[in-house]
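Residue strings, one per chain:
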Amino acid sequence: MDIKNKYTHYSADQLLNDFYFLESEQHPSPESIAFWETMQQKDKALAKEIKIARSFLHDIRHIPVSHLPQNEVETVWKNISRLNNIEKQRKKKILFINHSILVAASLALILCSAWYFQSQLSIMQEKTELEITAVKRPNATPTDNIQLVLSKKKQIDIDGKESQLQYDHQGKINVNSQTIIQETDDKEKTNIYNQLIVPAGKRSSITFTDGTCIWLSANSRIVYPVEFKQHKREIYIEGEAFLSVSHDPNRPFIVKTSQMDIQVLGTTFNVSAYENKQTQSVVLVSGKIKVKTSKNESKTLSPNNLLSYNEQEGIHIQSVDVQKYIAWKDGFYLFQTEKLKDIATKLSDYYGKKIMIDSPLKTITCSGKLDLKEDLDEVLQTLIRTVPARIEKSDGIIHIYVKHLSLIHISEPTRLGMIS
């Protein structure tokens, strides 16, 4: 029989029990590749069966090598080949029912192997996720400087209100134009984590070798591997960050927080996930992201979407002007008809100081910009120049009181001085 005619009307289970098909999948050659491509073009029904058969083999052949025991893969292939050799030698001697049993055995072996490898992969992935989220802040004396904590507990203090970190392909780190070499074993790079910790009143950015850039706001922390894995890029964030992720369809970028997993291929977005706040949020600027919460709820966002989440109230999505959520990365807060009490909360989060607002002032609304490069005292002086208020300090707490009681019923928005 012509080999091309042999496969007419073949089903997926027959292909999985066929020595030449399995050999072609395990050890493809130019001749076998051309043969199966021709068969699929000529026989659409067979093409569908080939696709089904290959889907069974996919889990065995394409699970990332770093998570797949190679000896297990070889054993599976040997068992499949052995079963097919038995079938080939006894083909003329066995009944159809025995042939069906052999096919079922082969399929069961493949399915069980695929299940085993998938379960092992899930265990390894869960272990990796636990590793990165379990990385703790260093037990060093608190400092007002930005800190870069390297894998071997080496801690570098970075002066200034802002810093820029950039990784090159040789593993060197440029910190404000100063080069730092991190020595690690190449085999351990994907399992060792660095930290960038930004204190109150300061900001930092970090650029990875893949081109992804992350801006980190005040009172925030990022945990990341010395080198990303081959099949994914994963980081952990506390606080607030703006991300511009480099597109790589083969390595999705995953941002983990205490309540969410955010998966992207290439996009820009802002995430706010402070540990002392019940609600965490994501604002999508461009591209598309998928957010999975701690309760396994999943949502896909489109540009200009704000997703808010807390464990008590669940997910809430709304359309927003993204600029007010991302202006901080450029050094200022942008307010658009926002209540004074909410402005005070944001300034308190950023500068790490407790700010109390007198009740009559809480509902006054303001619009404009505040320069985050300035000290908190300078920012508050800008604020009260356009608001009927005065400032007092006591016991480390900043109090903002009404300046003139006759002005306590102001309801029209007050515009802060615009900063160019």
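Parameters at a glance
- Residues numbered from 1 in each chain as written.
- Predicted model: local features only at pLDDT ≥ 70, side-chain atom pairs only at ≥ 80, totals over all residues.
- Heavy atoms only, no water.
- Core = buried A, V, L, I, M, F, W, Y, C linked by side-chain atoms within 4.5 Å.
- Buried < 20%, exposed > 50% of the residue type's maximum accessible area, 1.4 Å probe, protein only.
- Helix = DSSP H or I, 4+ residues; strand = E, 2+ residues; numbered from the N terminus.
- Contact = heavy atoms within 4.5 Å.
- Salt bridge = Lys/Arg side-chain N within 4 Å of Asp/Glu carboxyl O.
- Phe/Tyr/Trp six-rings, centres within 6.5 Å; stacked < 30°, edge-to-face > 60°.
- Pairing = 2+ DSSP bridges.
- Axes fitted to C-alpha atoms, helices over the stretch in contact; angles between N-to-C directions.
- Parallel < 35°, antiparallel > 145°, perpendicular 65-115°, else oblique.
- Nonpolar A, V, L, I, M, F, W, Y, C, P; charged D, E, K, R; others polar.

**Thoughts on the nonpolar core**
In terms of nonpolar packing, the biggest core is built from 39 residues, with Ile235, Leu243, Ile262 and Phe269 touching the most fellow members. If you tally residues by element for this core, the top one is strand β10 (residues 233–244), at 4 residues. With residues near it in sequence (within four places) discarded, Leu243 still touches Cys213, Ile214, Ile235, Ile237, Phe253, Val255, Thr267, Thr268, Phe269 and Val271.

**Things to note about the environment of Lys229**
Summarising the element assignment, Lys229 is placed in the loop between β9 (220–225) and β10. You can call Lys229 buried: its relative accessible area is 14%. In sequence terms Lys229 and Asn191 are 38 residues apart; their C-alpha atoms lie 8.8 Å from each other.

**Details of the pattern of salt bridges**
By the definition in use, this model includes 14 salt bridges. Across the salt bridge formed by Arg221 and Glu238, the nearest N and O atoms sit 2.7 Å from each other. Here Glu238 lies in strand β10 and Arg221 lies in strand β9, a separation of 17 residues in the sequence. The same class applies to Arg221 and to Glu238, which are both buried.

**As for the environment of Glu227**
In this fold, Glu227 is placed in the loop between β9 and β10. Among the residues examined, Glu227 registers a relative accessible area of 38% and is labelled partly exposed.

**Brief notes about the packing of aromatic side chains**
Applying the stated criterion across every chain yields a total of 16 aromatic pairs. Here the aromatic rings of Tyr7 and Trp36 are separated by 5.0 Å at their centres, their planes lie at 65°, and the arrangement is edge-to-face. Within this pair, whereas Tyr7 is found in the loop between α1 (3–6) and α2 (12–15), its partner Trp36 is found in helix α4 (residues 30–42), the two being separated by 29 residues in sequence. A relative accessible area of 1% places Trp36 in the buried class. Between Tyr20 and Phe35 the ring centres are 5.6 Å apart and the planes differ by 75°, which places this aromatic pair in the edge-to-face class. Highlighted residues: Tyr20 in helix α3 (residues 19–26) and Phe35 in helix α4, separated in sequence by 15 residues. For Tyr20, a relative accessible area of 30% corresponds to the partly exposed category. A residue is classified by how much of its surface remains accessible, and Phe35, at 12% relative accessible area, is buried.

**What to know about the pairing of β9**
With respect to burial, β9 is a largely interior element, 6 of its 6 residues being buried. Because side chains alternate across β9, one face comprises the buried residues Ser220, Ile222 and Tyr224, and the other comprises Arg221, Val223 and Pro225, equally buried. Note: strand β6 (residues 193–198) against β9, 6 bridges, orientation antiparallel. What sits directly across from Asn194, in β9, is Tyr224. Strand direction decides the pairing type here: β9 and β10, joined by 3 bridges, are antiparallel. Within β10, the residue paired with Val223 across the bridge is Tyr236.

**A word on the packing of helix α9 (residues 340–351) against helix α10 (residues 376–384)**
Axes are the key here: two packed helices are described by the angle between their axes and the distance separating the axes. At a minimum axis distance of 12 Å, the contact between α9 and α10 shows a crossing angle of 170°. For the element pair α9 / α10, the angle class is roughly antiparallel. Taken together, the residues of α10 that come into contact with α9 (itself represented by Leu340, Leu347 and Tyr351) are Leu376, Val379, Leu380 and Leu383. The residue makeup of the contact of α9 with α10, split by class, is 7 nonpolar, no polar and no charged.

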